[in-house]
Each structure stands twice: as C-alpha cells, then as structure tokens.
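# Structure at a glance
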Amino acid sequence: MTPVPIPAGRVKTLKIDGRDVSGYENQTILEIARENNIHIPTLCNLEGLDDIGACRLCLVEIKGLARLLPACVTRVQEGMEVLTDTERLRRHRRMVIELLLSERNHVCAVCVSNGHCELQSLAQTLGVNHVHVPYRYPRMAVDATHGRFGVDHNRCILCTRCVRVCDQIEGAHTWDVAGRGVEAMIISDLKQDWGASATCTSCGKCVQVCPTGALFVKGKAVGEMTKQREFLPYLTLMREGEK
Amino acid sequence: MSRTITIDPLTRIEGHARITLHLGPDGQVSDALFHVTQFRGFEKFVEGRPFHEMPSIMARICGICPVSHLVASAKACDELLAVRIPHTAIQLRRLMNIGQIVQSHALNFFHLSSPDLLLGFDSDPATRNIFGVLAKRPDLARDGIRLRQFGQQVIEWLGKERIHPAWIVAGGVSSPLTAAVRDRILAAIPEARQIAHRTMDWFKRSLENYREETRTFGNFPSLFLGLVGPDGELEHYDGRLRFVDATGEKVADGIENADYASVIGEAVEPWSYLKFPYYKPTGYPEGMYRVGPLARLNVCDRIGTPEADAELAEFRELGRGAVLSSFHYHFARLVEVIYGIEMIEQILNDPEILSTHVRAEAGPNARRGIGISEAPRGLLIHDYTIDEQGLMRGANLIIATGHNNLAMSRGILQVARRYVDGNNLKEGMLNRVEAVIRAFDPCLSCSTHAAGKMPMRIELFDADGRKVNEVMRQP
Ligand code: SF4
Ligand code: FES
C-alpha cells in the first residue's frame, strides 16, 4: 500500500543491485529503490494510487528465486538480494512493451500524446525499435460523448490508473474494466456512453493520470496533450493529514 | 492489333508511377495512361477519429507537401468549429504555406528539372542529375540548395520541426511568432531574393534553347483552375475558385468553398486509384483542366507584388490568352518564388504579426467543413463531415496531382506521339515522357529521387496481352 506517511513496523536490511539499503517491513521493493535513486521502470504504478501489479514492467530478480517478482507489490524482506537491471529483465521489459504496442493501435505520429506519452518514452528508453509479434490492429472506437473529454480505446493499455483514481481519490467509480483477456475494455458506468454517465463528476483526474493518449481533453491537436499528475501525491497527503 | 508499352518506374519524380502507352493498329500511340497507385484507404483510416487530429494525420499521409495539407485541413477544421480565426493566425499560416511553396519550387526546378534544362534531355542519364549540375554549374547548384534551404528554414523556424510541423491546428496556430524568428527570416531574405532573380534571368536567357520542348511538352488547350483574391490577385491561402479557358477568358469565377462540387466533378477509372476531376459544365473527359503554378498565373488578373508583377508581364507574352505549354510550369514556378519572397517580407512587416492572439477555441459547431488552399502543385481541397461528437464520418480530398491527372495523360500522349515510333524506343523518348510529368510535378510518394537513376522497364504487349518486347534500363 502506498503511500504510507509514517511507515510502521520493523526495519529490514537488504541489497538492491549490490547496494546495502534498508526499509520498513511494510514497504515495497519499488519504494525502497526509489528512496535510494535506483530506477525501476513502471507503468501501472502511480504514486498516490493502490498498486495492483498489472503491467509486469517492474519485475525484478531475487536471488534464490527462479521467478521474477513485481517490485511494486513485493514487500522487502531481511537479507533479500534484488537485481533490477539484468539482461534477462531488459529482455523481459522490452517484450512487455512490444506486447502492449501490438495489442491495440498505437500510432504515435498522429496521437494527441505524441512526445508526452509514458508508453512511448518507455519504448524509447528500453530500446524497443521493433515489435517482434504481429500487430492485432483491432478496430476500436473513440467515445467523444463527454462534453470535455474523450476516450480512445485504440491507445488504452489497461493499466487501470483511471479506474483506481476515480474510485480511490474521486470516489465516483465511473470507470471499470469489462471483459477478459484481449476482450478487456475500460467502461464508464454500465458500459454506457461517457457523456451519459450519471456518476462522472467531470473532474478530469482520469485524464491526467492516463499514461497514454487514451484519455484526452477534447480539442487537442496531435502532440498537444500533456498531463498534470502533481495533484495526486498532494491530495493523498492532505487526506492522510485529515485522519 | 494494338500493343501496350509500359514505362515503370519514373525517375526523379517524387515517388513511383507507371505509364502505359497504347499503340493502335497503325503502330502509332493512340492512348497514354498515367497510373497512380497511391492515395488509397485514407478515408477508412480517418473514420471515427476526432477531427482535431486531421491536420497532422493528413500531413503524414501525404508527406510530399505536409504544410499544404496542414493548411487545407486546418481550414476545413475552422469551418467545423464555425469560427473566424485571428488575423495573425491567418498571416502566420500564410507565411508557412509560402515557405513550403518556395522550398518545393526550388526542389523541382533545381534538383529535379535543372539537369534536363542544363545538360540536355538526351545527355548521359548517369550524369543527368543534380551532381551533373554541380559539376557543370556549381554556382547554379549552390543557388538551388540555398534557396530550398530558405523555404525549409521558414517552415522549420515557425513550426520547430521541418518535415511534419504540427504547428498549424484547427482554429489557428499553436504558438505565436517571436521577434527573434521574424528577424532571422528577414535577415535571410536578401540572399533568397538575389538567387530568385539570378535564376529567373538565366532561365529567360536560355528559353530559346527549349523551343522544341516548349512546343511539344504538354502544349494543348485546356481549362485552368486556381484561387484568386478579392481583387483578382494571385492567392495561395484563401480566395475563390476561378476557371479560365485556353483563351484566358473566365468561364467560372467567384466560386465559394461550399460550391466547389458544382464546378468540379470526379470520375473514377478502374486502372488508377487517383480520381479524375473535371470541369462539370463541360463534362468528362472534355472538361480537362490544369492546376498549379502555370494555372495560377493564367487565372489571376495580377500578382499583387511589384517584382513578380513585372515578371508576370513577360510571362503573359508567352501565349495569346492563357499560356498553354506545360513547359512553362518552370517559368511560372520561378515567378511564384519571386512573389513568395516578396510576400514573406510583407507578412513579416505586418504590425500585428507578433500578436499572441493566434488561436480560436471551440467545439464542433458545424457538421461539414471544406478547406481549400493552393499547394505548390496546385489546388488542394479537403472536405470533411463529422458527427455531433466531432468524430470524422467522411473525408474527400482532391489533390493537385488529381486535378492534373487528365492533363498529364494528355501531355504524355502528345510527347509519345512525337517520340515513339512503333517498337522503336529511344532513350530520349523516355526522358521526355518523364520530363513532361516532372513539369507537372506530381506528388507520388514520400521519397524524392533527386539523384541517380532508378531502373526503368518498358514492356510491349500485343492485343492479346502477350509480351512481345521489353526494354530495361539499369540504375
Ligand atoms: S484509459 Fe488510460 S489510464 Fe485508463 S486503463 Fe487505459 S491507459 Fe490506463
Ligand atoms: S508497475 Fe509494477 S506491475 Fe506495473
């Protein structure tokens, strides 16, 4: 669970990439890594929202364990030895990005978020210059029924940040996920037009947290959709303070 | 028995095209077909997209003159917003559009056409390219590079990206002009102006040498179509449609955007993806018309800038009524370059040019929007329909190469009749067919084959579709 302003519990010591680090027992590997300026790529994680371990981009190697574990939802343990940047992990992360790119229609050149997209910049920093799996090219619609915002399912990576921010921060729970596997889609209310939603407060938080151009402010030209996410940690901090 | 000669692909025009020449029973060329296999599927591609993305999408789809598509598309979007965009935004769009025209004309004249003009149409193909020009007339080649750079820099400095600037948007432009950029462009004008005049003078002096080409290069009567301003002056951004006939008489004038379909019909042929627009009142295919620099100078009453107006007077001497030879596209291009440089200077001296009020914001307020502007190669029409949410429902595009489609085939036929004799295919014939097409400057794909030779294949088929002869040219 993040963030926890006054971490409780016992202190654990561990190694990340050979460095001796320490953290409270209820903290995750990702949190401790960030505290120590060790970079682990993430997508579904967003500070201020509950972690769900969905995108598998933050997987790390743990000595003595054959399988990889997601850093965002794995608690630290005494004596753990974590590796965050091995060839195996890099290969794995590239594959995750390639699968995301192939699943829907990510046409960066004509996307409102071109140049400001987390998926795009991850692809660049992870060196994804070729997608080795066939593109699916699904035919997906844009819902522009809302007065100010639109959702373009072609660009959605199903990170569910929108679902979580709407539920956990705004308290509206307009967004949810329907369907399974490749059929999964985010939906507003009971799969109604966003513009017809009775629960949406038009706060726009979902738009701001969306890592890609899937949720956008209407009227933006290509490359003009920049997102402001600073509000999230503030909001959570202030709420913690009220308790 | 009729036979078919196929020339495929063309060299030094931008992209890939295919020509078939059809021989009649007498062994003479009876028909010429210019095949275009691009421009397909974009209607499906844009369906359902928010219309605000259209300018950038169209600029990507037709990568040869992205700025022109940005302009026409953004104008169509302005109509969807149902707004009048700020004066400064219009001026800035104009500025970028002219930058594109200057750079494109420089590319065509110096890189693609000057090898033929300078080295001769029958000279060795291995050196008949910009490198050959560089060897023979380094000063001319350098002028070409500098002039093109000038146009490119105008685009790049304004849009901060040369190839696909997303700066022109629905409702205006995305950021105002800075004093620094204005001054940088102004500082580059004197050199560009000198080059333009120097080149014009050289071209006019050497016109004598091309008397044969002038006579046979797409020299036939046709209608001409272009935009003119409120006083009949040359206009690339706004204005109304005007058609003139071969004698220079106006046959349609003052046509507004919304009425373009009342004068322009679009025919479809199974052998080409490109449609065949024609002047509706005359019918298909008799309503053949030409667009582009030659047409623009033929339709306007005057240019509106002093240096270019002086050149226009000389241009008018080239014909009685309208100037008919497609060879004079080159002349017209140089006149437009001179005009472009004058206009850039004029626009930059507009007292409101640095205004920060450059964009109108609105939602979708109209279901249909039509944007018309002049691209380097000619009139460009973007016609969009959207649903009430602002998602694209339909798009119709008529591009310059489309407007010229009938005339280009006609021009090829004219040259082929003269230079093709039965099965006897000389190198000079191929070059002239190519050169005619280059004079029209069609935009065929994103690549520019300015240097080197691409392989060319000519196939000869008999009436039963059997290949009876084949000529190959290696790069
Ligand atoms: S719309 Fe955006 S935030 Fe929501 S699941 Fe899709 S990518 Fe994530
Ligand atoms: S960030 Fe950990 S699984 Fe997405």
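Attention in this report is confined to the structure presented alongside it. (Residues numbered from 1 in each chain as written. Chains lettered and ligands numbered in written order. Predicted model: local features only at pLDDT ≥ 70, side-chain atom pairs only at ≥ 80, totals over all residues. Heavy atoms only, no water.)

### Thoughts on the packing of aromatic side chains
Two descriptors summarise a pair of aromatic rings, namely the distance from one centre to the other and the angle between the planes of the rings. Per the stated rule, a full pass over the model turns up 14 aromatic pairs over all chains. Taking the centre distance of 5.6 Å and the plane angle of 25° together, the rings of A:Tyr135 and A:Tyr137 count as stacked. Since its relative accessible area comes to 40%, A:Tyr135 is described here as partly exposed. Classification of A:Tyr137 as exposed rests on a relative accessible area of 59%. An angle of 80° between the planes, with centres 5.7 Å apart, marks the rings of B:Phe109 and B:Phe203 as edge-to-face. (Phe/Tyr/Trp six-rings, centres within 6.5 Å; stacked < 30°, edge-to-face > 60°. Buried < 20%, exposed > 50% of the residue type's maximum accessible area, 1.4 Å probe, protein only.)

### Focus on the interface of chain A and chain B
Contact with chain A, which involves 17 residues of that partner, is made by 16 residues of chain B. The largest contributions to the chain A side of the interface with chain B come from A:Val110, A:Val142 and A:Val222, which together make up 31% of the buried area. Taken together, chain A and chain B are joined by two salt bridges. Summed over the shared surface of chain A and chain B, the number is two residue pairs in polar contact (both at pLDDT 80 or more). Class assignment of the residues belonging to the side of chain A that touches chain B gives a composition of eight nonpolar, three polar and six charged. (Contact = heavy atoms within 4.5 Å. Buried area = accessible area lost by both parts, 1.4 Å probe. Salt bridge = Lys/Arg side-chain N within 4 Å of Asp/Glu carboxyl O. Polar contact = N/O pair within 3.5 Å; in protein donor to acceptor, adjacent residues only side chain to side chain. Nonpolar A, V, L, I, M, F, W, Y, C, P; charged D, E, K, R; others polar.)

### Side note on the sheet that holds strand 4 (residues 69-70) of chain A
Strand pairing in a sheet relies on backbone hydrogen bonds. The paired strands run either parallel or antiparallel. All names here are of chain A. In space, the five strands of this open sheet follow the order 2-1-5-3-4, with mixed pairing throughout. Of all the strands in the sheet, the pair left with one neighbour each is strand 2 (19-24) and strand 4. Taken together, the six bridges between strand 1 (residues 11-16) and strand 2 define a ladder with antiparallel strand orientation. Counterpart to Leu14 in the pairing with strand 2 is Val21. Running over the sheet, helix 2 (residues 87-103) touches strand 3 (59-62) and strand 5 (81-83) and is turned about 155° from strand 3. (Pairing = 2+ DSSP bridges. Helix = DSSP H or I, 4+ residues; strand = E, 2+ residues; numbered from the N terminus. Axes fitted to C-alpha atoms, helices over the stretch in contact; angles between N-to-C directions.)

### Looking at empty space enclosed by the protein
Residues and elements named next belong to chain A. Scanning all chains against the criterion turns up seven cavities of 30 Å³ or more. His106, Cys108, Cys111, Cys117 and Gln120 are the residues nearest the centre of the largest cavity, which is lined by 13 residues in total. Classifying every residue of the lining of the largest cavity gives six nonpolar, six polar and one charged. (1 Å grid on protein atoms, 1.4 Å probe; cavity = no way out; pocket = protein on both sides within 12 Å on 5 of 7 lines; lining within 4 Å. Points joined across faces, edges and corners; volume = space filled by probe spheres on them.)

Don't take any of this as a statement about function, it's just geometry.
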